[in-house]
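Reading the structure
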Amino acid sequence: MAAYPILDQKDTRSGFGAGLLELGNRDERVVALCADLIGSLKMDAFAKQFPDRFFQVGIAEANMMGIAAGLTIGGKIPFTGTFANFSTGRVYDQIRQSIAYAGKNVKICASHAGLTLGEDGATHQILEDIGLMRMLPGMTVIVPCDYNQTKQATIAIGAHEGPVYLRFGRPKWPVFIPADLPFEIGKAQRLVEGSDVSIFACGHLVWKALQAAEELAKRNISAEVINVHTIKPLDEEAVLSSVRKTKCVVTCEEHNRYGGLGDAIAQLLARTLPTPQEYVAVNDSFGESGTADQLLKKYGLDTPDVVQAAESAKDRAQIVAIRDNPLHRL
Amino acid sequence: MANSISTVELQRIASQVRRDIVRMVHGCQSGHPGGSLGCTDFLTMLYFDVLRHDAKNFSMDGIGQDLFFLSNGHISPVFYSVLSRSGYLPVEELKTFRKLDSRLQGHPTTHEGLPGVRMASGSLGQGLSVGIGAALAKKLNKDDHLVFTLHGDGELQEGQIWEAAMFAAGKNVDNLIATVDLNGQQIDGPTDQVMPLGDLRAKWVAFGWHVLEMNGNDMDSVRAGFLDAISRTGKGKPVCILMRTEMGMGVDFMMGSHEWHGIPPNDEQLARALSQLPETLGDY
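Here is what the cut-offs are and how they apply
- Residues numbered from 1 in each chain as written.
- Chains lettered and ligands numbered in written order.
- Predicted model: local features only at pLDDT ≥ 70, side-chain atom pairs only at ≥ 80, totals over all residues.
- Heavy atoms only, no water.
- Domains from an automatic or database assignment.
- Buried area = accessible area lost by both parts, 1.4 Å probe.
- Polar contact = N/O pair within 3.5 Å; in protein donor to acceptor, adjacent residues only side chain to side chain.
- Helix = DSSP H or I, 4+ residues; strand = E, 2+ residues; numbered from the N terminus.
- Nonpolar A, V, L, I, M, F, W, Y, C, P; charged D, E, K, R; others polar.
- Contact = heavy atoms within 4.5 Å.
- Salt bridge = Lys/Arg side-chain N within 4 Å of Asp/Glu carboxyl O.
- Axes fitted to C-alpha atoms, helices over the stretch in contact; angles between N-to-C directions.
- Parallel < 35°, antiparallel > 145°, perpendicular 65-115°, else oblique.
- Left-handed = near helix turned anticlockwise from the far one by under 90°.
- Core = buried A, V, L, I, M, F, W, Y, C linked by side-chain atoms within 4.5 Å.
- Buried < 20%, exposed > 50% of the residue type's maximum accessible area, 1.4 Å probe, protein only.

1. Some thoughts on the domain arrangement of chain A
All names here are of chain A. You can read the domains of chain A as domain 1 (8-175) and domain 2 (189-312). On a C-alpha basis, the centres of domain 1 and domain 2 stand 25 Å from each other. Taken together, the two surfaces of domain 1 and domain 2 that pack against each other cover about 2600 Å², and 60% of this comes from carbon and sulfur. When the buried area of domain 1 at its contact with domain 2 is split by residue, L115, R134 and W173 rank highest and sum to 27% of it. Applying the counting rule to domain 1 against domain 2 returns 22 residue pairs in polar contact (both at pLDDT 80 or more). Residue assignment for the side of domain 1 that touches domain 2 shows that the elements contributing at least two residues are helix 7 (129-134), strand 6 (140-142) and strand 8 (172-175). It is helix 7 that provides the largest number of residues to the side of domain 1 that touches domain 2, a total of 4 residues. Taken together, the residues of the side of domain 1 that touches domain 2 sort by class into 16 nonpolar, 11 polar and 6 charged.

2. Here we look at the interface of chain B and chain A
Taken together, the 32 residues of chain B in the interface contact 26 residues of chain A. Considering only the surface of chain B that becomes buried against chain A, Q126, L140 and E163 of chain B emerge as the three largest contributors, covering 25% of it. Taken together, the links from chain B to chain A amount to 0 salt bridges. Scanning the region where chain B abuts chain A turns up 16 residue pairs in polar contact (both at pLDDT 80 or more). Counting only elements with at least two residues in the side of chain B that touches chain A, the list comes to strand 1 (67-70), helix 5 (127-140) and helix 6 (159-170) of chain B.

3. Topic: the packing of helix 1 (residues 7-28) of chain B against helix 3 (residues 40-50) of chain B
Residues and elements named next belong to chain B. Put simply, helix 1 and helix 3 touch, their axes get as near as 9 Å, and they point 120° apart. Judged on the interaxial angle alone, helix 3 and helix 1 are oblique. Helix 1 and helix 3 meet at a crossing whose hand is right-handed. Across the interface between the two elements, L10, I13, A14, V17, R18 and I21 from helix 1 touch T40, D41, T44, M45, F48 and D49 from helix 3.

4. Concerning the nonpolar core
Judged by nonpolar contacts, the single largest core of 79 residues is most densely connected at I95 and M139 of chain A together with L128, I132, W204 and W209 of chain B. For this core, the element with the most residues is helix 4 (residues 61-73) of chain A, which contributes 8 residues. Counting the residues that make up this core, at least three belong to each of domain 1 (8-175) and domain 2 (189-312) of chain A. Excluding residues within four positions of it along the chain, W209 of chain B makes contact with L128, A165, A168, A169, L176, A178, W204, K237, P238, V239 and C240 of chain B. One finds V22, F79, F97 and I177 of chain B within the second-largest nonpolar core, a separate group that totals 56 residues.

Here you go:
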């Protein structure tokens, strides 16, 4: 199959850095702030090229969010950069009041999200951030899946009016999205067409979903893989049209099973099209130290976990089909 | 700073603003009269004789104008009154304060599109950071206007204030004037008892700010303080005004304690308060 060959191995945060630099060249309203993590966020190039438009705020994330909000008032488009944990949980009230409620055009850019942060351990591996940000009225939440898409998303949010949470990560990861594949905020991408099960994924887990689809094909299960890079606003039509066809769902995310992509889709389906759904997500726990690969395996976010979830979802859909068949009610 | 309106005229306006405050909190039986009354002279001077602004043509970006951010958003009654009396919104609208479907929310917000408000505030400690951001944008825009912020003294217990204080001095944000309302009171009692603030002058000086003091309930002192503060801008450091005020100033039974921080007067108390505050510009 291999419809998506590995083009390269790159970290998504470098996609952010490249996108930010390009955006800086395109639009002089773009400014950037960082809380003592310039190298980690790959903001060096922007800082060097646009020293007047770059603000090092030190280890003071709350202040950074407030300054970013204030900069919008003079017509600037601020991009804040720090780890996902310090971009959300640490500064939730600042984001809530000064950015979301106040409707400010701040782009909150968060690296090192999820388990794949690795050895630093649970203090830094936030698994709740998608949920936190998704709950804020007016917040757009984007979780791109590879280097190319993170670069595209960074550029796209610069042209989007309103607060955005952009989540990406630390490890080198397969680059598989063609650089010329159009990216549109709020528009999910069907990467693989299938008929037996819908696999919705975001971030690093999109690659795992593609791997799983290949394995499922060998088992005569036709999986549809949809990259839901924008979790809010959710592309409801893309979800529903796939689920109407497959009648079962797997959601994959590097996040707690509460509050993230899985819940966004479950809520949509509960309201409109109740469907058996399996979660590939962290089972309500904190992470720990380890390599990215070890952690994804231990916490059930690896390719075999997606395969197993797809088979379970398909089995459940068959039980529902039998139950709902009028012939069986006789 | 225009410095063109007489002290007597500003005092007349302040009397009307104080009437508005007690009538607003009485009208909805909620809100924060104490700090509002204490900061009335400051906000009256600011909006009628200091800010270079255009009330009739409000724009969110405020380019080419001085900006003000109310960080202690709970004193919204005085803010709304001064905004209306200086032309940002109809004076009649004050009667909608804290009522359903009003633009005059309990704490100020941009959410309802109220002219004159550029930031939501209420959760304390955030306004200095916002002011810094707006001041940085002015520098980038080559806009030589100033940014003013107001904070409660109790608000200084929030850590974010000191993150911002460090940034503003460390990064030479010298187009920013932050005023601290030193009324010595907060919800649970005197600040000295709840959480002593220590030597605030020494703290702000140590953080690298120009620091000056004024009596926030003496219009001449407020005028002199603003003139002094403005003269210190553009010299590499941010400016802090430590402003002594009396919570509840202008209404005798509301002064001298924290009791009137956040409760409204009843009918009888309203009448007593209004008898001490001459109507000068016409009630809403």
